[in-house]
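In case you want the letters, here they are:
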Amino acid sequence: MADIIDGRAVARDLDEKTKARVDALVAAGHPRPGLTVILVGEDGASQVYVRRKIKACEKVGINSSEHRLPADTSQEDLLKLIDQLNNDPAVHGILCQVPLPDHIDTRLVLRSISPDKDVDGFHPVNVGRLSTGTGGIVPCTPLGVMILLGTVIDDLKGKDAVVIGKSNIVGKPVANLLLDAECTVTVTHIYTHNLPAIAKKADIIVAAAGAPELVKGSWVKDGAVIIDVGITRIMDEATGKEKLVGDVAFDECQHAKAITPVPGGVGPMTISCLLANTVQVAERVAQGNDNGESDYADAPDRSMHTSAS
């Protein structure tokens, strides 16, 4: 039987560490970290998610605030609000909940958030920093994936990793993080030829295609580690009730070394990593640039002039 990677337990541990970081900042006389969430419209799922974020902030001591705007809010008014928050020193993290109403350009809105307050890690500047190994804020779900992997694999160096899914939110950033950890990475998707054979050779499978139970037991070699990012609501034929499933046929993959369940695997990590990102920003502000170095001076050097490998 595969070991079950308990995302809820790992998230609780991360929250405790985040709270300790918040307490240390406040004890040193620095402002308490602040996270602001913007919600435009009445999307039910978004409202639930925002409530969870606000409640999670309270647990770790982060100041939280929210701006609930009507669905007919103009793009201009939304951008003005974001500009105000960009210039508010009490706000360390800004999160604009998506989806946004159709009349608003989501990409423009996300680009308008200062990259230094973009705790979702979606701004092109942070995407560029991640892809070049020069620091920046890491998207929450990919960060959670890496933390979960670290609980079952001591050293990722040299591991063969297959990422199934090429989204900008999960697949691509996860691939970059795995590369930075010195894995050999193959990025695939549902249209990849010979996908089962490619997955079969992997030491690590990160399934993030949004395709329920795509990864079958025959795709997984003995002893592999599986991180299932997918979550889809389907009808259970046996009970006639809806249930949540991931991108991996969980019951078929018990010959793996370890696997995340759905729910209870990657999901709980996302909000915990959002809180950790917010505190990271507050710590960077507290440290300042008195040493004259860039905020990202300690980032790994992946430039072309380094020794060949």
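Numbering of residues starts from 1 in every chain and runs along the sequence as written. Residues qualify for local features only when their pLDDT is at least 70, as the model is predicted, and side-chain atom pairs are given and counted only at 80 or more; totals for whole chains, interfaces and linings, by contrast, use all residues. Note that the side-chain values use all heavy atoms of the structure and ignore hydrogens as well as water.

With respect to the sheet that holds strand β5 (residues 160-164)
What links the strands of a sheet is backbone hydrogen bonding, and the strands pair in either a parallel or an antiparallel sense. To be explicit about the condition: Strands are treated as partners if at least two bridges between them are detected by DSSP. Numbering goes from the N terminus for both helices and strands, where a helix is a DSSP run of H or I of at least four residues and a strand is a run of E of at least two. Here a residue-residue contact requires only that any non-hydrogen atoms of the pair lie within 4.5 Å. The angle between two axes is taken between their N-to-C directions and runs from 0 to 180 degrees, where each axis is a line fitted to C-alpha atoms and a helix contributes only its stretch in contact.
If you trace the six strands from one edge of the open sheet to the other, you get β1-β11-β8-β7-β5-β6, paired in parallel fashion. At either end of the open sheet lies a strand with only one pairing partner, and these are β1 (3-4) and β6 (184-188). Where β5 and strand β7 (residues 204-207) come together, four bridges link them in parallel fashion. Each residue of the ladder has a partner; that of Val-163, found in β7, is Val-206. The strands touched by helix α6 (residues 140-150) are β7 and β8 (225-228); relative to β8, the strand with the most contacts, the crossing angle is about 150°. Strands in contact with helix α7 (residues 171-180) are β5, β6 and β7; relative to β5, the strand with the most contacts, it is inclined by about 170°.

Focus: the confidence of the model for the protein chain
Our working rule: Per residue, pLDDT captures the predictor's confidence, and it can take any value from 0 to 100.
Within the protein chain, residue pLDDT values average 92, and 93% of them lie at 70 or more. The low-confidence segment residues 289-294 (pLDDT under 50) makes two contacts with residues lying over four places distant or belonging to another chain. Ignoring residues within four places in sequence, the model shows residues 296-309, a span with pLDDT below 50, making 15 contacts including any to other chains.

Regarding the packing of helix α2 (residues 44-60) against helix α9 (residues 267-287)
What counts here: Oblique is the label for every angle not falling under 35 degrees (roughly parallel), over 145 degrees (roughly antiparallel), or within 65 to 115 degrees (roughly perpendicular). If you view the pair so one helix is near and one far, a crossing is left-handed when the near helix is turned anticlockwise from the far one by less than a right angle, and right-handed when it is turned clockwise. Following the grouping adopted for this structure description, the nonpolar residues are Ala, Val, Leu, Ile, Met, Phe, Trp, Tyr, Cys and Pro, the charged ones are Asp, Glu, Lys and Arg, and the polar ones are all others, Gly among them.
Relative orientation of the contacting elements α2 and α9 amounts to 55°, with a least axis distance of 10 Å. Between α2 and α9, the angle is such that the two are oblique. In the crossing of α2 with α9, the sense of the turn from one axis to the other is right-handed. Side by side, α2 and α9 meet where Tyr-49, Arg-52, Lys-53, Ala-56, Cys-57 and Val-60 of the first sit next to Thr-270, Ile-271, Leu-274 and Leu-275 of the second. Tallied by class, residues from the contact of α2 with α9 come to seven nonpolar, one polar and two charged.

Examining the packing of α6 against α9
Interhelical geometry of α6 versus α9 gives an angle of 105° and a closest axis separation of 8 Å. With respect to their mutual orientation, α6 and α9 come out roughly perpendicular. Every residue of α9 that contacts α6 at Cys-140, Thr-141, Leu-143, Gly-144, Ile-147 and Leu-148 is listed here: Met-269, Thr-270, Cys-273, Leu-274 and Asn-277. Among the residues forming the contact of α6 with α9, the class breakdown is seven nonpolar, four polar and no charged.

Some details on the UniProt feature "domain: Tetrahydrofolate dehydrogenase/cyclohydrolase NAD(P)-binding" (unreviewed entry) in the protein chain
Spelled out, the test is: UniProt positions are given in the numbering used here, feature names are shortened, and annotations may be inferred rather than shown by experiment.
The feature "domain: Tetrahydrofolate dehydrogenase/cyclohydrolase NAD(P)-binding" (unreviewed entry), as annotated in UniProt, sits at residues 139-284 in this numbering. Across residues 139-284 one finds 31% helix and 19% strand; the C-alpha atoms that close the span lie 17 Å apart.

A short note on helix α5 (residues 124-131)
The condition is simple: When accessible area is computed with a 1.4 Å probe and restricted to protein chains, residues below 20% of their type maximum are described as buried, those above 50% as exposed, and intermediate ones as partly exposed. Here, the arc refers to the directions that run from the helix axis to the C-beta atoms.
Buried residues of α5: Asn-126, Arg-129 and Leu-130, and no others. Projection of α5 onto a plane perpendicular to its axis shows the buried side chains occupying an angular sector of 100°, all on one side. On its buried side, α5 packs onto α7. Phi turns positive one or two residues past the end of α5, at Gly-133, with a value near 70°.

Digging into the nonpolar core
This is how the line gets drawn: In this description, a nonpolar core means a group of buried Ala, Val, Leu, Ile, Met, Phe, Trp, Tyr and Cys residues linked to one another through side-chain atoms lying within 4.5 Å.
Membership of the largest hydrophobic core comes to 52 residues, with the highest contact counts inside it found for Leu-149, Leu-178, Val-206 and Ile-227. Discounting chain neighbours no more than four positions away, the residues touching Ile-227 are Ile-5, Val-145, Leu-148, Leu-149, Ile-205, Val-206, Ala-207, Thr-260 and Val-266. With 18 residues, the next largest nonpolar core counts Leu-195, Val-220, Ile-226 and Ala-256 among its residues.

What to know about the pairing of strand β9 (residues 232-235)
When β9 meets strand β10 (residues 242-245), the two strands line up antiparallel, connected through four bridges. The residue bridging Ile-234 from the neighbouring strand is Lys-243, located in β10.

Re the state of the cysteines
The cut-off we apply is this: The disulfide definition used here is simple: a pair of cysteine sulfur atoms within 2.5 Å.
Scanning all chains against the criterion turns up zero disulfides. Cysteine Cys-57 remains unbridged, with the sulfur of Cys-140 as its closest cysteine sulfur at 11 Å. With no disulfide of its own, Cys-183 lies 18 Å from the sulfur of Cys-273, the closest cysteine sulfur.

A word on the sheet that holds strand β4 (residues 93-96)
Strand order in this open sheet of three strands is β3-β2-β4, and the pairing throughout is parallel. Unpaired on one side and paired on the other, β3 (63-69) and β4 mark the two borders of the sheet. Averaged over all adjacent pairs, the angle separating strand axes in this sheet is 15°, with direction ignored. Set on the sheet, helix α3 (residues 75-86) makes contact with β2 (34-40), β3 and β4; between it and β2 the angle comes to about 180°.

Structural notes on the UniProt feature "domain: Tetrahydrofolate dehydrogenase/cyclohydrolase catalytic" (unreviewed entry) in the protein chain
Mapped onto the present numbering, the UniProt feature "domain: Tetrahydrofolate dehydrogenase/cyclohydrolase catalytic" (unreviewed entry) falls at residues 5-120. A helix fraction of 49% and a strand fraction of 16% characterise residues 5-120, whose end C-alpha atoms lie 24 Å from each other.

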